[in-house]
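Architecture at a glance
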Amino acid sequence: MKKLFAFMGSICFIAFLCDPVQAARPLSANQPDSVYLFAYATNKNFNRNGLHFAWSKDKTKWFCLGPEHSYLRCDYGRWGAEKRMITPFIIQSPDGWWHCIWSLNEKDGTFAHAASKDLIHWKRQSYPVMAQGKNCLQPEIAYRHETGEYTITWISSSEPAGSTRYSTTTLDFKNYTPAKSCSGSSNKRETFVLTDTPETGTVHKVAWETVENLINEYQLVAYKNQLFNEQAADDPVRFAWLKPLHATLLVDTRQSFPISQHLFGVFFEDISYAADGGLYAELVQNRDFEYDPSDKEGNDKTWNSYKAWSLTGNQMSFHIDTVSPIHPHNPHYAVLDVASSGDGLANEGFDGIVLKAGEKYNASLFARLLNGGKKGKLTVRLTGKNGEVYGTAITRPISSKWEKYTVSFTALQDAVDARLEVVPQFTGKIGLDMISLFPQKTFKGRTNGLRPDIAQTIADLHPRFVRFPGGCVAHGDGLGNIYRWKNTIGPLEARKPQRNLWGYHQTAGLGYFEFFQFCEDIKAEPLPVIAAGVPCQNSGTGGSGQQGGIPMCDMPQYIQDILDLIEYANGDVKTTWGKKRAEAGHPQPFNLKYIGIGNEDLITDIFEERFTMIFNALKEKHPEITVIGTVGPFCEGTDYEEGWEIATKLGVPIVDEHYYQTPGWFIYNQDFYDKYDRNKSKVYLGEYAAHLPGRPNNLETALAEALYLTSVERNGDVVEMTSYAPLLAKEGHTHWNPDLIYFNNREVKPTVGYYVQQLYGQNAGNEYLPGKSSLAGNNNPAVQRRFATSVVRDTLNQVVIVKLVNLLPVSIQTDVKLDGLTNLASTGSRTVLTGEISSKTAKPVSDSIPVGPEFSCSLPAYSFTVIRIKINS
Ligand code: AHR
């Protein structure tokens, strides 16, 4: 990093010469002792650009910092809709802390508060609720030295009688006196024309050093942005002078140290149809008739109980009823009124149903005769659009109470857009629900199982753990949408489906039992993530104060549910929840070791209170379980800093970090974990991916990830786990890009990034062998940082694994010396992932290579090479 700063210094100097605002800075010999600092926010971008500063010696000529660098941004409300900072007001208290308050919007009776020591690093935000239904405009703070009290006043313009001024007082910005109306106006704001438009804000006399620090901050950010936005598209110019290189890698195997055995895992979230319509092998869409317009926030009125269902003729009508359903969790069902038999109720599946000739399928449904409908059977068949029949079966006679009927058939031919039809062989009314179709060939042949091709593609990563069920899905969109594991176990008809926060429907058919079973099937540790008593920070339904939290009176039950989960996974079959696991067909424990609490939550008081309660309860009742905490959605900033503070204070064993960054960020942050304190919590890098404009998953993003993962292996003593995100996405239903594995109904399409994950997963070690790599005759940081190596030993299988990443447009001839190992095999297996840097189809190719304690290997331009060398016993 030191070299990085030296390089940075020269860039800053160039930037200084080119930037008119910078050029106007006084030189150090002629600096004022103190200047005026103007704090303001503009109306631009719907007030979302945050807090800006300008400085002046005389309040006449102003120099804008950045020129509109955001030193603090608002966290309130939904991304894309809120996050507004309107009329910020700042004061500095005698203890040196700066307090900033601002108005959030025109409708909520709350303002925002944040505090900072240096105007650069801000503590968590709070949004005290003042008066429900009234807005808080132009808030101001005054400080009373005599009492140490802050008085906050604001205007509420939503009063029937016109604008009214209110005030409240606080000593700590946590507890406030009730708002009361007050008289007078006290506008302490000033207005200046900075460039061309007048801006209003607060003015403060500050030491020149304060301004200098603010200038340094935005320069550093600007510098980093420039570096982190480097893309391979510019390599032909950036590296026009570069010739093929020569490198050495000297490894001292005697300096080895243990690293985590769970470094590479996967993160499964039901996003982009990853579960229903994806990994979960159910072929019928809306099998439970529970689709609801609210799944899509009411935006699609056709997204309802009828979705994906139709009638094949007009001798029958179809409506939805809710009287006496199979289970209260599954209230809607179809009622067919059959005038003349022969027509069917058809389901189109998820983009059609794919059938494979000769394979067997199981269909099941719940049915009951209504209003004395005539007793009879149902024909269940698979058909094509032009009347082709691919398979037929007949149920036993239907009775007048809800019962389950199952049939199976063999597909007569291949089909890609088949449908499932249920055809009553009688007239009268019949109720139908939970109409389901599964291939018999599921992953490991499990009932209610998984699509084998997708599941096998995941298994082939050799993940050491599976994190589930999200992501944002875990903490949900609002309190009512938090993922509750108890709703996802037991008989399918009794599970509670819900709105998926990504805008579709979650059947819960792939529930906690199936997740645990999948983990067991692929020999991965289960890592369930439970909401920390707060929903997603982007919740639209959380009430004022951002995400809201589970009411305190409900927290004991919420915590009990988490304790019950441990009993469900690990408890004896005689326990309440262990018994349910056994009833589901798994008397043996699932051997749960980890639980994630929270998902990149906004770190607020509401969060901290609930997280602490859950953490303490788990620590007391289940010290054997490793809790994984959360430190916000980014690798820096308030949530990251405050999340780490909480984790350190409580002694949380592992924290979950998330960052989606540019390839440049990964290239220039390979020392990120080198600096981590080994005495604090360990790290689970739970979500990360390299993002380029347009969000492809290509060789450039994949190699940036490969490069960074060499540094993760080097820090495998502090980084315990990692998982790329997101894992799965169905073509045509993709809510997020890039993903690791794309699929449609017929094919699974691993990405280039997938092969990087696979190469790491299949070539992990439990010991790191430190090495020193150097590029001969080249000390250009842009070149050096694009070459990275890592050497690990897998002591169980007695192999040394050398990983070499070349993100340069030229080849690197690399001499490898493995000092301290004599009994190495003379031939190693080599796998190389390379191609055009923008390639989305590059695949690894394997061969063998002569190796030994010393060997040489050519790394093609833009490549990732993995060499496995057996240690002879
Ligand atoms: O991976 C997609 C989403 O990214 C996750 O749901 C969330 O945790 C993060 O913001």
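These numbers come from a predicted model, not from an experiment.

The rules we used
Residues numbered from 1 in each chain as written. Predicted model: local features only at pLDDT ≥ 70, side-chain atom pairs only at ≥ 80, totals over all residues. Heavy atoms only, no water. Helix = DSSP H or I, 4+ residues; strand = E, 2+ residues; numbered from the N terminus. Contact = heavy atoms within 4.5 Å. Disulfide = S-S within 2.5 Å. Buried < 20%, exposed > 50% of the residue type's maximum accessible area, 1.4 Å probe, protein only. Axes fitted to C-alpha atoms, helices over the stretch in contact; angles between N-to-C directions. Parallel < 35°, antiparallel > 145°, perpendicular 65-115°, else oblique. Left-handed = near helix turned anticlockwise from the far one by under 90°. Nonpolar A, V, L, I, M, F, W, Y, C, P; charged D, E, K, R; others polar. Pairing = 2+ DSSP bridges. Salt bridge = Lys/Arg side-chain N within 4 Å of Asp/Glu carboxyl O. Expected span 1.5 Å × (residues − 1). Near = heavy atom within 4 Å. Polar contact = N/O pair within 3.5 Å; in protein donor to acceptor, adjacent residues only side chain to side chain. Areas by Shrake-Rupley, 256 points an atom, 1.4 Å probe, with all protein chains shown as cover. Core = buried A, V, L, I, M, F, W, Y, C linked by side-chain atoms within 4.5 Å. Phe/Tyr/Trp six-rings, centres within 6.5 Å; stacked < 30°, edge-to-face > 60°.

Structurally, the position occupied by Glu-567 is in helix α9 (residues 555-570). Placed 11 residues apart in sequence, Glu-567 and Gly-578 show a C-alpha to C-alpha distance of 5.8 Å. If near-sequence neighbours (up to four positions away) are discounted, Glu-567 is found in contact with Thr-575, Thr-576, Trp-577, Gly-578 and Arg-581.

Here we take up the state of the cysteines. What the rule picks out here adds up to zero disulfides. There is no disulfide at Cys-74, and the cysteine sulfur nearest it, in Cys-100, is 9.8 Å away. Overall, Cys-74 belongs to the buried group, its relative accessible area being 5%.

Let us look at the packing of helix α8 (residues 512-521) against α9. Helix-helix packing is described using two parameters, namely the angle between the two axes and the distance between the axes. For the pair α8 and α9, interaxial distance at closest approach is 11 Å and the crossing angle is 50°. Regarding the angle of α8 to α9, the classification is oblique. Where α8 crosses over α9, the handedness of that crossing is right-handed. Touching Tyr-512, Phe-513 and Phe-516 of α8 are Leu-565, Tyr-568 and Ala-569, all from α9. The residue inventory of the contact of α8 with α9, partitioned by class, reads six nonpolar, no polar and no charged.

Here the bond from Gly-66 into Pro-67 is cis, since omega is 5°, no more than 30 degrees from zero. Mapped onto the secondary structure, Pro-67 falls in the loop between β3 (63-64) and β4 (86-92). Along the chain, Phe-468 connects to Pro-469 via a cis peptide bond; the corresponding omega equals 0°. Positive phi values are uncommon outside glycine, yet Phe-46 reaches one of about 55°.

Moving on, we come to the sheet that holds strand β37 (residues 741-743). Reading across from one edge, β36-β37-β38 is the order of the three strands in this open sheet, with mixed pairing throughout. Among the strands making up the open sheet, the edge pair consists of β36 (728-730) and β38 (748-750). Within the sheet, the average angular offset between the axes of one strand and its neighbour, ignoring direction, is 25°. In terms of strand pairing, β36 meets β37 through three bridges, oriented parallel. Residue pairing in the sheet places Lys-730 in a bridge with Phe-743 of β37. Each of β36, β37 and β38 touches helix α6 (residues 452-459); the most contacted strand, β38, lies at about 20° to it.

Before going further, it helps to examine the pattern of salt bridges. Enumeration according to the criterion identifies 49 salt bridges in this entry. Between Arg-396 and Glu-403 there is a salt bridge; the shortest N-O distance is 2.8 Å. Across the pair Arg-467 and Glu-687 runs a salt bridge, and its minimum N-O distance is 3.1 Å. In this pair, Arg-467 sits in strand β27 (residues 465-468) while Glu-687 sits in strand β34 (residues 682-690), placing the two residues 220 residues apart along the sequence. Exposure remark for Arg-467: the relative accessible area of 0% places this residue in the buried category. Overall, the relative accessible area of 5% leaves Glu-687 in the buried class. The structure contains a network of salt bridges with shared partners spanning Lys-123, Arg-124, Lys-174, Asp-605, Glu-608, Glu-642, Glu-645 and Lys-649.

Over its 16 residues, α9 extends 23 Å from the first C-alpha to the last, a length consistent with the 22 Å expected when each residue adds 1.5 Å. Those residues of α9 that sit buried are Met-555, Tyr-558, Ile-559, Asp-561, Ile-562, Leu-563, Asp-564, Leu-565, Ile-566, Tyr-568 and Ala-569. Where α9 is buried, its residues contact α8, β30 (525-530), α10 (576-583), β31 (594-597) and α11 (605-621).

At a closest axis distance of 10 Å, the pairing of α9 and α11 adopts a crossing angle of 40°. By the angle between their directions, the pair α9 and α11 is classed as oblique. In the crossing of α9 with α11, the sense of the turn from one axis to the other is right-handed. Residues Met-555, Tyr-558, Ile-559, Ile-562, Leu-563 and Ile-566 of α9 touch α11, and the partners they reach there are Arg-610, Met-613, Ile-614, Ala-617, Leu-618 and Lys-621. Class assignment for the residues of the contact of α9 with α11 results in 10 nonpolar, no polar and two charged.

As a further point, take the pairing of strand β18 (residues 333-338). Along a regular strand, successive side chains alternate from one face of the sheet to the other. Here β18 lies mainly inside the structure; five of its six residues are buried. The sheet contact formed by strand β17 (residues 316-321) and β18 spans six bridges and is antiparallel. For Asp-321, the partnering residue across the bridge sits in β18 and is Tyr-333. Bridge count for β18 against strand β26 (residues 428-439) is five bridges, and the pairing is antiparallel. Its bridge partner being in β26, Leu-336 is matched across the sheet by Ile-430.

Further remarks concern the site of the ligand. The immediate surroundings of the ligand are formed by Phe-267, Glu-269, Gly-471, Cys-472, Trp-502, Asn-599, Glu-600, Tyr-660, Glu-687, Ala-725, Pro-726 and Trp-736. Measuring from an oxygen atom of the ligand, one finds a side-chain N or O atom of Glu-600 at 2.6 Å. Take Glu-687: an N or O atom from its side chain is 2.7 Å from an oxygen atom of the ligand. Coverage of the ligand by the protein amounts to 94% of the 280 Å² it exposes when considered alone. Here the residues of the shell around the ligand are counted per class, giving seven nonpolar, two polar and three charged.

This part takes up the nonpolar core. Of all hydrophobic cores here, the largest spans 158 residues; its most connected members are Phe-268, Ile-458, Ile-597, Tyr-659, Tyr-673, Leu-728 and Phe-864. Core analysis: the next-biggest nonpolar cluster, separate from the first, contains 37 residues, Leu-283, Phe-289, Phe-426 and Leu-432 among them.

Attention shifts here to the sheet that holds β17. With antiparallel pairing, five strands are arranged side by side in an open sheet as β17-β18-β26-β21-β24. The sheet terminates laterally at β17 and β24 (403-410), the two strands that pair on one side only. On average, each strand axis in the sheet is tilted by 30° relative to the strand beside it, whichever way the strands run.

Taken as a whole and assessed by the stated rule, the structure comprises 59 aromatic pairs. Note on Tyr-150 and Phe-173: the rings are 4.6 Å apart at their centroids and 50° apart in plane angle, and the pair reads as tilted. Here the residue Tyr-150 occupies a position in strand β8 (residues 149-156), and Phe-173 occupies one in the loop between β9 (164-170) and β10 (180-182), the gap between them amounting to 23 residues. As far as burial versus exposure is concerned, Tyr-150 and Phe-173 are alike and both buried. Summarising the aromatic geometry, the rings of Phe-264 and Tyr-760 are spaced 5.1 Å apart at their centres and angled 45° between planes, so their arrangement reads as tilted. Note that Phe-264 is positioned in the loop between β14 (257-258) and β15 (266-267) and Tyr-760 in helix α15 (residues 752-762), a separation of 496 residues in sequence. Just as Phe-264 is buried, Tyr-760 falls in that class too.

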